[in-house]
Amino acid sequence: MTAVVAAATLATGATVGSAAAATAHPAATASVASASDGFEGDPWAHWEKGSSGEANADGNYNQGTAHTGLNNGWLYAAHGWAAERYGIAIDSWPKSNCRASIWAYPVDYDAQVELQIWDPNGWRLVGTTAPYLKKNSWQQIVTSSINLAGVNKVYVQAIYGNDTGVGQFVRIDDLAFTCS
């Protein structure tokens, strides 16, 4: 299953995990608001994970594999998809120019990793990009700028799908979401 098909699966209203989403607060200036998370502390107090088929999502802790800090998330799939998402309340944010980014590290094989922005009101996919990434290096994935007028909360989700039967890990770290 490709990441795009997995996105359609999630759009039908299936939940990814049961952890409560974190509430992010705007940055100091009124014209720019941002939220970020690097899987430090107790990441599952803020992140939700889900998977389908022969896939799983979790994290590395104090193993020296993070982009920055001590911890990172990871997505694994052989047949199916794995995802990790982070909820952000943006009701008081400026919303005309919003984008998400995350760092990803495909282990052993090149991989297509999708970064999505979801509006949970109707589970609408409002932003996405799915670049092919080279193996064994950290690369930043950045969505295009989108207007989120009328949206009060978003979920930023990294998702990896694979149906080759060859298991593949993709590490993820350092999520950022900014609006102005």
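As the structure is a prediction and not an experimental result, all values here were calculated from the model.

Thresholds, definitions, all that
- Residues numbered from 1 in each chain as written.
- Predicted model: local features only at pLDDT ≥ 70, side-chain atom pairs only at ≥ 80, totals over all residues.
- Heavy atoms only, no water.
- Phe/Tyr/Trp six-rings, centres within 6.5 Å; stacked < 30°, edge-to-face > 60°.
- Helix = DSSP H or I, 4+ residues; strand = E, 2+ residues; numbered from the N terminus.
- Buried < 20%, exposed > 50% of the residue type's maximum accessible area, 1.4 Å probe, protein only.
- Lys NZ or Arg CZ within 6 Å of the ring centre and 35° of its normal.
- Disulfide = S-S within 2.5 Å.
- Polar contact = N/O pair within 3.5 Å; in protein donor to acceptor, adjacent residues only side chain to side chain.
- Contact = heavy atoms within 4.5 Å.
- Salt bridge = Lys/Arg side-chain N within 4 Å of Asp/Glu carboxyl O.

Enquirer: Tell me about the packing of aromatic side chains, and name the residues and values.
Expert: With the rule as written, the count across this model stands at 9 aromatic pairs. Between Trp47 and Tyr86, the aromatic rings sit 5.2 Å apart at their centres with planes inclined by 55°, giving tilted as the arrangement. Here Tyr86 lies in strand β3 (residues 71–89) and Trp47 lies in strand β2 (residues 47–61), a separation of 39 residues in the sequence. As far as the burial class goes, Trp47 and Tyr86 line up, both buried. Counting every residue linked through ring pairs, the aromatic cluster contains Phe39, Trp44, Trp47 and Tyr86. A cation over an aromatic ring shows up here: Lys49 above the ring of Trp44, its NZ or CZ 4.3 Å from the ring centre. The ring of Tyr155 is capped by Arg85, whose NZ or CZ atom sits 4.5 Å from the centre of that ring.

Enquirer: Break down the state of the cysteines for me, with residues and values.
Expert: On inspection of all chains with the given rule, the structure shows 1 disulfide. Across the disulfide, Cys98 is cross-linked to Cys179 (sulfur-sulfur distance 2.1 Å). Given an S-S torsion of about 120°, the disulfide between Cys98 and Cys179 has right-handed geometry. With a gap of 81 residues between them, Cys98 in strand β4 (residues 98–107) and Cys179 in strand β11 (residues 168–179) connect regions that are remote in the sequence. On the accessibility criterion, Cys98 (0% relative accessible area) is buried.

Enquirer: Explain the side chain of Gln139 to me, using residue names and the numbers behind them.
Expert: Mapped onto the fold, Gln139 is located in strand β9 (residues 139–142). The class of Gln139 is buried, set by a relative accessible area of 18%. Reaching out from Gln139, the side chain makes a polar contact with the backbone oxygen of Ser137 at a distance of 2.9 Å. Those residues within four positions of Gln139 in sequence are excluded, and the remaining contacts are Ile102, Trp103, Ala104, Pro106, Leu133 and Lys134.

Enquirer: Which residues make up the pattern of salt bridges, and what values go with them?
Expert: Here the structure, examined in full by the defined rule, presents 4 salt bridges. Here Asp110 ties to Lys134 by a salt bridge, and the two come within 3.8 Å at their closest N and O atoms. With a gap of 24 residues between them, Asp110 in the loop between β4 and β5 (111–112) and Lys134 in the loop between β8 (132–133) and β9 connect regions that are remote in the sequence. Take Lys134: its relative accessible area is 56%, and that puts it in the exposed class.

Everything listed is a geometric property; what it means functionally is a separate question.
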